[in-house]
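Notes for the structure review
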Amino acid sequence: MSDGLVYTSYSKYFDEAEDVTKDRKTRLLKILVIILATVLVLEALLYTVVFPTFAPVEVHFSGLKQISEKTLLKQGGPVQDTGWLKFDSAAYAARLAGNSAIESISVEKKFPNIVLVHVQERAGVATSLVTGNDRTVPVQIDKSGVVFSVENTAVGISTPLITGLSLDETSDGFRIAPAMRPLLDRLAVISSTCPKYLNALSEIHVVPSASGSYDLVLYPVHVPVRVITDRNLDEESLQYMMVLLDVIKTMDSDIQEVDMRYGSVVYKTAGGDA
């Protein structure tokens, strides 16, 4: 009977020891799992969060029609060695804003290494010619009077040609005389309401007057007659001009000029006034 009691006592001891060993193994396994999970999370954070912010930024542009990405990338300066964290959005926007064809610009950093640049290009309301370095090049003028170059001429830009503005050897970003602003405003309105009248003109020549104002000489596309008008160009005056030109085309005359100033119409032929 004593032997049976001794056996039972040792059996209970070994059972308790085995349970303790299992608990230690379970705790150790849990610790290893936690450590492994922590390492995996840290590694994921390094590769998805930390490392990308140190990678060179990728610049993406939107709103470009007249300006190429290549031009802006060159103007913005090298970014191959600049990480997302160190990228200066304000400085980059300031460098790009130096392009006279840009009216406004916004630069936004998007995690982890993307830079979004949205460009609002200037809208030209007139074309003019700048002479310099023994060559003449076309430029655009917006309604604020800012002169800017158009890089991409394949976008279908069609604005009236204005000459006589004294733009020789001017640089991009130059503003024409404030006196011309009303004319540019009128051209912008006519272009949006009835562009066919402007499309019927090959040139608008500005002629300064002694009073400090100016008159306009209009050159129609399909009729070899120049039309003189005052600075108050509008849709009504252009419509009246088109009616006069239609009448002249039906006449057998050598009319070379029509003066619409001063509330009357004066025709000038090769031999004098008519």
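Before reading on, note that the structure itself is shown above.
Conventions adopted
- Residues numbered from 1 in each chain as written.
- Predicted model: local features only at pLDDT ≥ 70, side-chain atom pairs only at ≥ 80, totals over all residues.
- Heavy atoms only, no water.
- Core = buried A, V, L, I, M, F, W, Y, C linked by side-chain atoms within 4.5 Å.
- Buried < 20%, exposed > 50% of the residue type's maximum accessible area, 1.4 Å probe, protein only.
- Helix = DSSP H or I, 4+ residues; strand = E, 2+ residues; numbered from the N terminus.
- Patch = residues over 30% accessible without salt bridge, like charges linked within 9 Å, V, L, I, M, F, W, Y side chains within 5 Å.
- Areas by Shrake-Rupley, 256 points an atom, 1.4 Å probe, with all protein chains shown as cover.
- Salt bridge = Lys/Arg side-chain N within 4 Å of Asp/Glu carboxyl O.
- Contact = heavy atoms within 4.5 Å.
- Pairing = 2+ DSSP bridges.
- Axes fitted to C-alpha atoms, helices over the stretch in contact; angles between N-to-C directions.

Things to note about the nonpolar core
Core analysis: the biggest nonpolar cluster contains 36 residues, and Ile162, Leu218 and Leu238 have the highest contact counts within it. Breaking this core down by element, the ones donating at least two residues are β4 (124-132), β5 (135-142), α4 (181-193), α5 (195-199), β8 (201-208), β9 (214-220), α6 (235-250) and β11 (255-259). The dominant element in this core, judged by the number of residues it contributes, is α6, at five residues. With 18 residues, the next largest nonpolar core counts Ile67, Ala93, Ile102 and Val119 among its residues.

With respect to a nonpolar patch on the surface
Among the surface-exposed residues, Leu28, Ile31, Leu32, Ile35 and Val39 lie close enough to one another that they form a single nonpolar patch of about 460 Å² accessible area. Relative to the assigned elements, Ile35 resides in helix α1 (residues 2-54).

Some details on the environment of Thr82
Relative to the helices and strands, Thr82 is located in the loop between α2 (69-76) and α3 (89-96). Residue classification places Thr82 among the partly exposed positions, given a relative accessible area of 21%. In this structure Thr82 touches Ala55, Pro56, Val57 and Phe87, once residues within four positions along its chain are discounted.

Let's talk about the sheet that holds strand β3 (residues 114-121)
As a general point, the strands of a sheet are linked pairwise by backbone hydrogen bonds and lie either parallel or antiparallel. Spatially, three strands are ordered β1-β3-β2 in an open sheet, and the strand pairing comes out mixed. Of all strands in the sheet, those bounded by a partner on one side alone are β1 (58-62) and β2 (102-110). Each strand axis lies, on average, 20 degrees off the axis of its neighbour in the sheet, ignoring direction. Along the sheet, α2 contacts β1, β2 and β3; its crossing angle with β1, the most-contacted strand, is approximately 130 degrees. The sheet contacts of α3 involve β1, β2 and β3, and relative to β2 the element is tilted by about 155 degrees.

As for the pairing of strand β12 (residues 266-269)
Two strands pair when backbone bridges link them, and β11 and β12 are joined in this way by four bridges, in the antiparallel orientation. Note that in β12 the partner of Ile255 across the bridge is Thr269.

None of the figures reported here should be taken as evidence of function without further support.
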